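Each chain is listed here by its residues.
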Amino acid sequence: MTGKEWLLKAKERICKFGIKEWVTVLVVGVCLLVLVIPADGKKKTDKMTDNITPTPMLSREESYTEVMEKRVEELLSQVESVGRVKVMITVKTTEEKNVLKDGTRELKESTEQDSAGGSRISYSEVTENETVFSGEEPYLLSESYPEVIGVVVLAEGSGTGSVDYDILNAVQVLFDLPAHKIRIMKMK
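Residues numbered from 1 in each chain as written. Predicted model: local features only at pLDDT ≥ 70, side-chain atom pairs only at ≥ 80, totals over all residues. Heavy atoms only, no water.

Caption draft 1: Molecular detail of the packing of aromatic side chains. Taken as a whole and judged by the stated rule, the model has one aromatic pair. Seen from their ring centres, Y64 and Y145 are 4.8 Å apart, and the 20° between their planes marks the pair as stacked. Residue Y64 is located in helix α3 (residues 64-77), and its partner Y145 is located in the loop between β7 (140-144) and β8 (148-155); the two are separated by 81 residues in the primary sequence. Since its relative accessible area comes to 14%, Y64 is described here as buried. The exposure class of Y145 is partly exposed, given its relative accessible area of 27%. (Phe/Tyr/Trp six-rings, centres within 6.5 Å; stacked < 30°, edge-to-face > 60°. Helix = DSSP H or I, 4+ residues; strand = E, 2+ residues; numbered from the N terminus. Buried < 20%, exposed > 50% of the residue type's maximum accessible area, 1.4 Å probe, protein only.)

Caption draft 2: Geometry of the sheet that holds β8. The sheet built from three strands is open, its strands ordered β1-β8-β9 with mixed pairing. Of all the strands in the sheet, the pair left with one neighbour each is β1 (85-91) and β9 (182-186). Taking each pair of neighbouring strands and ignoring which way they run, the sheet shows an average axis angle of 15°. Relative to β9, β8 runs parallel, the two being bridged by five bridges. (Pairing = 2+ DSSP bridges. Axes fitted to C-alpha atoms, helices over the stretch in contact; angles between N-to-C directions.)

Caption draft 3: Region of the structure containing the pairing of strand β4 (residues 119-131). In this sheet, β4 lies alongside strand β3 (residues 101-113) in antiparallel orientation, the contact comprising 13 bridges. Paired with E109 across the bridge in β4 is Y123. As consecutive antiparallel partners, β3 and β4 are separated by five residues, and within that stretch G117 has a phi angle of approximately 95°, a positive value.

Caption draft 4: A look at the packing of α3 against helix α4 (residues 161-175). Taken N-terminus to C-terminus, the directions of α3 and α4 make an angle of 145°; their axes are 12 Å apart at the nearest point. Crossing of α3 over α4 shows right-handed handedness. On α4, the residues touching M68, V72, L75 and L76 of α3 are I167, A170, V171, L174 and F175. Residues of the contact of α3 with α4, tallied by class, amount to nine nonpolar, no polar and no charged. (Left-handed = near helix turned anticlockwise from the far one by under 90°. Contact = heavy atoms within 4.5 Å. Nonpolar A, V, L, I, M, F, W, Y, C, P; charged D, E, K, R; others polar.)

Caption draft 5: Layout of the side chain of T65. Relative to the helices and strands, T65 is located in helix α3. When sequence neighbours within four positions are dropped, the list of residues in contact with T65 reads I89 and V91.

Caption draft 6: Structural detail: the pattern of salt bridges. Per the stated rule, a full pass over the model turns up five salt bridges. As a salt-bridge pair, R84 and E156 come within 3.0 Å of each other at their nearest N and O atoms. Placement of the pair is R84 in the loop between α3 and β1 and E156 in the loop between β8 and α4, with a sequence separation of 72 residues. Residue K97 pairs with E143 through a salt bridge whose shortest N-O separation is 3.9 Å. (Salt bridge = Lys/Arg side-chain N within 4 Å of Asp/Glu carboxyl O.)

Caption draft 7: Examining helix α1 (residues 3-15) more closely. A rise of 1.5 Å per residue sets the reference length of α1, with its 13 residues, at 18 Å; its end C-alpha atoms lie 18 Å apart and thus fit the reference within 8%. Burial within α1 is sparse, with just one of its 13 residues counted as buried. (Expected span 1.5 Å × (residues − 1).)

Caption draft 8: Geometry of the environment of M185. Among the structural elements, M185 can be located in strand β9. Residue M185 is classed as partly exposed on the basis of its relative accessible area, which comes to 34%. C-alpha separation for the pair M185 and E156, spaced 29 residues apart in sequence, amounts to 8.6 Å. Sequence-distant contacts of M185, defined by excluding residues within four places in its chain, comprise V152, V153, L154, A155 and S158.

Okay, here's the thing in structure tokens:
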């Protein structure tokens, strides 16, 4: 069958379509369209990274606590009657980064014969891992931030019940800390 003959037969079949067939074609087309277009409107290039959310990148000079202290200082200084603010955060652990490793594992079996005629099978395992890189940086699977165990806030406007209460509640919400692990003091 030539291409022209095939097109003529296809045209005849399409002309005979009823409403049921057209609805089926429409539904299949919409389903294919939904599968092809990514939900976020971006072209997906790497299936491995689809479920990983971006984490804030810290420079090598800045630690998590330094960044968080600055952010809390900026936030609290914007609260009415608080004034200038200085914040110190203490943490229990350090940052941990879990990087993607690509490796091989080889299981070796060897049979040994002794002089008395007996034999013994021994197994050994060799594992080699290499870190996977995305550009020049290692590919991060997850990153856990340090656990905050205490916060001290120095504020110009401290000393009044309402200002201290607002500062205390803000720090409790931000770090999920009980009140006894937060100290608010008046700045000189």
